[in-house]
Structures are given as structure tokens and as C-alpha cells.
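# Fold and contact review
Listed below, chain by chain, are the residues.
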Amino acid sequence: MYSLRSGYHKVLLFFLLTCFWQGAYAQSTQAGQPTPPEENRFTKTILANDLNEPMELAVAPDGRVFFTERKGGFYMYDPKSRATRLVREFPVYWETKYGNGLIGLALDPKFAENRYIYFYNTPISDTPKQHVSRFRLLDDGTLDLASEKVIIDIPIDYEISRHTGGSLAFDPQGNLYISTGDNTSPFASSGYSPLDERPGRALFDVQRTASNPNDFRGKILRIKPRTDGGYDIPEGNLFPKGTSGTKPEIYAMGCRNPYRITIDPATSYLYWGEIGPDAGKDSIQGPRGYDEFNQARKAGNFGWPYFIGNNIPYHDINFATNTVGGKFDPAHPLNDSPNNTGIQNLPPAQPAMIWYPYDKSPEFPELGTGGRSAIVGPVYHHNAASSSGVKFPAHYDKVLFITEWMRNWVFAVHLDDNQNVQRLERFMPQSGDFRRPIDMEFGPDGAMYILEYGSVYGIDNEDARLVRIDYNPGNRAPVAKVTARDTIGLAPLTVAFSSSKSYDFDKDKLQYEWRFEGGKVASTEANPTYTFRKNGIYPVTVKITDPAGASGVDTLLIRVGNTLPQVTINTTSNSTFYFDNVPLAYSVKVTDREDKTIDPKRVKVKLSYIPKLAGQEPLIGHQEFTDQYDLGRSLMSKSDCKACHQVDKPSVGPAFADVSRKYRGDKSALSRLANKVITGGGGVWGEVAMNAHPQLSRDEATEIVKYVLSLGDQQAQLSLPAQGSQVLKEHLGQSSPGQKEQGVYVLTASYTDKGGAIQPLTSSTSLVLRPATVEAEEADSLHQIRKQRTALSAIKDQSYFMLRNIDLKGIQKLTYRYSSLNKEAKVEVHTGSPTGPVISTFDLKPTGDWKEFREVTAPLKAPVGKHDLYFVFFRKEEPDAPLASVDWVRFER
């Protein structure tokens, strides 16, 4: 998230990152630990959707929910009307690539009496600053603009206005806590601590802010707002009032970007999520990056930029001479930077409560791997006397909730009697469907309220939303699921319906009510059959009710009066392979029962070429084309790549399609970019470097890169007539001299009919052509053969490999590239099975060395149609001896 980590920076997963959450979380519990409530007892409800960069929320005693959007929107959700309305559009400076705007929000502890609301925002001003101001909410739900009181100003540098912090929280004593970021560029220190003391580089020296006791930035401030504006300094802050070279408002110093803070109302302990630096591995500059969850029982120094995690020290780097000094001492930190305006001898550094890197944490392995943007939530206190039917159970009493913006998880942190971490427990791992939680709070009803930022940073996400999570301690409603085999057809249409996928968590006996054409209940069976005798679109519903009266409803649309058109692609050319400069002759045939004449304008034919990258697998058919990118697509869906990237439009990072087009034809791109994903780097798409992702294996990074590099080419399509001939030569222009690029051509045809008696329906089909040279290691099936990265080996008597569904039209011979040490053998090509008809043979002769490859051509008698081809090896003498290594087989005209 650009805005959280570096100006939200570290949440940025720039170009092709993949910070991948490895596997589903297992909800096992250790012996003696209480089992968490069943996940199906929690219900998530969307209260407001399609928000625009939501930031912080507050729940009033009467249940109203207030929240902010970064670009200035201040909203109120009313639980009585179930409506959300804009209260005010604040005039704020919200430059997109920075983290400024309307960030923080807090209600006065006496809000029910005084209606005071506090805001942390960036006013439009000639003087760069953030400020906290207070307004009074009127009875009609509007802000009294004349009541504004500016409580405190926080000077910042616009030029490098990243790491803004901006969270607000009150303790029971009425003290206001304000988090501020270090306002320092992280981009010139390779993901380590930015300690650049060279003249003119103050904006790259975090010692001027976070470790400067005389500066508000990189801190959590603690003040007592006065009724008439301004504030007092409460007792117990880090530096006594009047101490030279310090700010008495400071409660916690040594912060990088404490983006969300919370106060435990029972203990007044302060908690916050600290968004850390980006380094992916330890080096001579210092430790790898960590995010932190911190607990402050009293005022203190929390280490940044000299320490991270559990006080892991950085080295003192001299940026002028590029030399590495000694490690900093957490017991006696010293800030001797020329950019420090405060005292030099700092309080001892305090370790983090929880800390974790990109990779798996040895101390907290439950947190998994991936990108990092730590967001703290509330401490829950169970009220047994409350009559609320949605309050969280006592299992979560005195539990701190934390969340991860990048990894999309929520954890419950159980604390012992001494308020130390006892254990971490994943919350709603299966059904949470969290969309980058950015703030959370419990309401007076004991339900959890969450602001979800949405999938991609820096845009108006459709899935940015305010949600509420309720707990159900009693009877659970059944879940209705209706299915049917046939949902489209002509009248009379008989449909067999099924409720077999419905379920009830309480295992109750259920009753069924089916409505097929609206109106009265037409069936009470579990799996009825019904005949629709008139054309139309029918929403069929099933209502399933348990003995307690709780019910679930599901709907399935039945369309009567039209059928799907039938689309086929015919070709007189080979339908499996393409050949250099050989035209593809094709014709598209469409039939439709309802359309008496086929409208040619409704027939769409497109041709696209998908190049193969170095190390990428060739494709045989359309299913293989789809499956080719499934792994990379799946890895990406489990990661946070899309936090900063979209497929076809730039956001914080470049569009994936732009990345694909930039590296098209670059033979070294796949290997180079996979390595860059793992190690990190920058300078290609802007000043922000890509995070390192050491948790990814080389294979995982490669699959993600394959998927991304395929996207731009999938969008480039040539429109063609319904019948014609097209010379396929795109593959000849995308390769190095003397080489051919092994991509695939995809010819797609679709037809949208006229709707019959109801609405139009569309059918489509595709013809996928692959190169005539087939890499042996990509065979569909192997028997007694070892698959290597670039060949098949350990071939012996009776070994075979199989290529599925091959069209041999026009094929007259096969050329093999193979090596063999010292054994002769016979190779037969069979159709249908290893013992099926033989269509080609050749005698395999030794090449004298396993590294010495030879090309041999054998004639082929091609049968009509498509066939599975079995390449079977025979040698009766020494049947277990290795015979050959096969590189590829080429099908020739």
C-alpha cells in the first residue's frame, strides 16, 4: 500500500510483487487452550459500499457510525434508517501519491453530552502541516462549522510527505493520542534505515524526525484538549514540560508510520501497528524489514530508526563515505545527526510486542508470509450484562484484535494476566472475506465494525466498504442452495430442481417451500420437478425453514423461450499446429433454433497471438491454454499484488498489461523479473523500489511473472470475417535472430442470438494452434520416463510418452532431436494406446554422448482425425538400460 508504507510506501507492491500468503490457516488449538467459537456463528453484513479510500471510523453510543475518506469525505451511517450520508466534504490537501488528506477521526469521551468530533487532516495551506481540529455535531446530524477549534498543528515537509500516521484515540481520562509518521523518504537507503546526514539531504535523514525529541513527527503525542481550544500537557509523558530540546507532547517516540492506534479502556495501555521498512534480508546495513504491533504501558522510545523488531540494531551508515560503522546500542541510543534539533541522548529503546518480516516469522509463524502493513484494532471487553444478541462472546474478553492490510487477515491476540502475548488466533479465516481492513472498532452492541479499503490502493474501489460482524450464540438459520441441470430451453421445459447443496449447521429437520412462477407455494418436496409451459424468465425460489422458524432463501433463474446458439470453427488446415507463413483457412458456422437467419453482424471472430517466454510451456489445446496460467493466477489471487496493480489501468504501480507489453520479445525477462520479485529493486516504473519477497520460491515467482507477462498479449486481438484465410506470421517477428518464438494462436468465434422469446444468449468456441515443434518434456503422459526441465531421460525398453488429441492432417514426417550414449533402440508411434495401430517407426542409433544431440527424420502415415499419439521405445536386450534422452519432436508437412 503505497500510502501506508512510503507515503503509504511499504504497502506498495509495485511491479509484479507477489507477497504470497502460503496456504490456509489451520484452526488447531494447543492442548489446554480454549477452542474458538464456530466460525459460522459470525455473520458479516455490508453497511455501506463503494467508498473512496476510507480511513478511520468511530461508533457513537447511540450506534451511529462515523467515518472518513482520505479525499475529504466525512460520513455517517444511521442504523435506524440503514442509510449512509455525507456530512461534510472537508477541503483538504490529498495529493494522490502521498498519504495526506482527511485521515483520523475520534469522538470525545463525553460525545453523548457535548457532541465533539475530532479530525486529523491536511488543511489546504501555504504552510505544510497536518492539524487536529474539533467540531460540534448538531442535532440534525450536520457539523457546526463555526464551532471549529484547531487543537494542534503538526508541521510537515510536502516535498517528501510520506508516512503520515494520522490516527486518533482517547483514553478514559480524556487524553487524546495522536499518531504521526516520520515524514522521510525511504527510497535512498535500500529498504534499511534512512540515516543520510549529507548536506542537502535532510529529507532522507529520519533522525530529523522520529529520533528527534524536539519534533512532532514519528511520534505518538498525548495531550488533553481544552474546551476553549488548545490543550494541556498531562502528567506521564516522555519528557517533562520545560525540558530543553524536547516536546512535552511526546508520549511515544521512535515511530516510523504508526498508522492506527487504540487504547485499552480497562488498562489505558496504548497499542499501535507500526509499518516498517522494506529490506528483504539482513545485510551489513542492518536487519531485514519488520512490521510491528506495539504496546506502551507508559511513555517510551520505541527504537526507530536505530532499532527494529525486538530491538534488532542497525549499523551506523556514513552515506558520504559509504562505510558501515558499529551497531547502535538500544540501552543508550544517541542521535548525533546534524539534522537533530533536540537532545542527543535518548531514552532506552523498547522492543516490539509482535514483529514479523516478509518471510515466515520464527517467533510468530501464525502470521504467515507476504506483504506487510500492520493495522491495530480494538481491545474487546465482554459485557455479560448486555442484552445485545450480536455481541462477541466471552472467548474474546480482553483480547486485542489486529489486522494486516496486505495479507487480509485478522488475528485475536490473547493476553495473559500480565498483559503479555499468550497466543495468536486467526479470526474468521475461511469466511471473513476481508478486503484490506484499514480500521476496526467495537460498537456499544458488542459487534465489530470494520472499514475495508478495497482491493487496490489509490483508486475508488467498488469493494471499499463499511461492514459489521455479528455473533449468533443461538439457533443458526439454514443455508439454502438451489441447483438444476437445465436452466435454458423451449416451452414446455421440464426442470428437475435440487436442494441437496443446502445445509443447516444445527442439523435440524427442514421444511421446503418452492415457488416456480411466483405466487403460492407449488411444492414442499426437497427435490421437485416442474414443467414451464409458457415462455418467460422465471426466478425460482426455495425457502428452507428450521423448527425454530429461522429460514434461508435461494433463487435460480430459469429462461424459457430461447436456446443457446451452436458455434463451430471449421478448417481445412491442420487444427493442432501452425507452420511458418502457411495460411490458416477457416470458416465459422452458426446455427440457432430460434434465429431463422443468422445475422453476420452478430458473429464475432478474433485472432490473438500469445507469445511463449523463455522457460514457459508450449500449449496444445484451449484447455491447456487456460490451465497454463492457472498456477500463476492462483498464486496472485492469494497474494497482495492487486493492492497496487490493476490488469489494464495503472494505479500506484503500472498496469500488468503495460508490464507485459514492455517486456514482450525480451528473452531474458522471465528469469530476470522472477529474480527481481524475490530480491526487490526499482528504477523502472518510478522512484519507488519493489519490495523484496524472500518468502517466494523461484518457481512461485516465475509462475506469477508468466501470468503477468501473458496479460498484455491476451488483449491484442485481430478482428476477422466469419470466413477467410489468414497467414500466421506473428511468431516470426518476436524472436532473436535465427530463433523462432514458440507461442500459440487463438482463433475465437462467438455469436449472440436475437433473444428468441426472452433475451439474447451468447455462445463461443476457440481453435488453438501450437507450434509444430513439441518439447518432449511437455508430453501429456509418461511411462517409465524421467521428466527433466528441458528433456525426457532415463528412457528404457517399453517406455513411452504420449501427446493428446493431435491432428495429423497434412503431416508426412516426424523429426526427433535426441541423444543416446551407446544403445540402439526402435521407436514406434501408436495411435489410441501404446499397443494401437503403428503409424511411424525409426531406428534410434547412439550419438556417443548424452550431451551430443542428433536430429533424425522418419516418415509418417497420417490417419484421419485427431488422435492420442504414443511414442514407444523398444530394446529387448538389456531392457533396463537407459536408451535415450529426447529434446523435442517436430511435426512436418
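Residues numbered from 1 in each chain as written. Predicted model: local features only at pLDDT ≥ 70, side-chain atom pairs only at ≥ 80, totals over all residues. Heavy atoms only, no water.

### Some remarks on the pattern of salt bridges
Under the criterion given, the structure shown has 33 salt bridges. The shortest N-O distance in the salt bridge between R890 and E892 comes to 3.0 Å. Overlapping salt bridges bring together K44, D433, R435, E452, D463 and R465 as one network. (Salt bridge = Lys/Arg side-chain N within 4 Å of Asp/Glu carboxyl O.)

### Observations regarding the confidence of the model for the protein chain
Here the protein chain shows a mean pLDDT of 89. Residues at 70 or above account for 87%. Segment residues 5-29 is flagged for pLDDT under 50; beyond a separation of four residues in sequence, or across chains, it makes 159 contacts in the model. The model gives residues 735-740 a pLDDT under 50, and that stretch makes five contacts with residues more than four places away or in other chains. (pLDDT = per-residue confidence, 0-100. Contact = heavy atoms within 4.5 Å.)

### Looking at the packing of aromatic side chains
Going through the model one piece at a time under the given rule, you end up with 51 aromatic pairs. Here Y118 and F170 contribute two aromatic rings whose centre-to-centre distance is 5.1 Å and whose plane-to-plane angle is 65°, an arrangement assigned as edge-to-face. Of the two residues, Y118 sits in strand β7 (residues 116-121) while F170 sits in strand β10 (residues 165-170), which places them 52 residues apart along the sequence. By relative accessible area, Y118 is classed as buried at 2%. (Phe/Tyr/Trp six-rings, centres within 6.5 Å; stacked < 30°, edge-to-face > 60°. Helix = DSSP H or I, 4+ residues; strand = E, 2+ residues; numbered from the N terminus. Buried < 20%, exposed > 50% of the residue type's maximum accessible area, 1.4 Å probe, protein only.)

### Remarks on the nonpolar core
If you look at the biggest cluster of nonpolar residues, it comprises 93 residues, and the most contacted ones within it are I178 and L466. Once you skip the residues sitting within four places of it in the chain, I178 turns out to touch Y120, V132, I152, I154, S167, L168, K219, I220, L221, I223 and I261. One finds A772, V827, V829 and L883 within the second-largest nonpolar core, a separate group that totals 33 residues. (Core = buried A, V, L, I, M, F, W, Y, C linked by side-chain atoms within 4.5 Å.)

### Quick notes on the sheet that holds strand β39 (residues 577-578)
Pairing is mixed across the open sheet formed by five strands, whose spatial order is β39-β45-β44-β41-β42. At either end of the open sheet lies a strand with only one pairing partner, and these are β39 and β42 (717-720). Two elements, strand β41 (residues 603-610) and β42, share four bridges in a ladder whose sense is antiparallel. Its bridge partner being in β42, V605 is matched across the sheet by L720. (Pairing = 2+ DSSP bridges.)

### Some points on the sheet that holds strand β36 (residues 536-545)
Spatially, β32-β37-β36-β34 is the arrangement adopted by the four strands of the open sheet, whose pairing is mixed. A strand with exactly one partner marks an edge of an open sheet, and here the two such strands are β32 (488-489) and β34 (511-515). For β32 and strand β37 (residues 551-560), the ladder comprises two bridges, and the chain directions are parallel. Paired with I488 across the strands is R559, a residue of β37.

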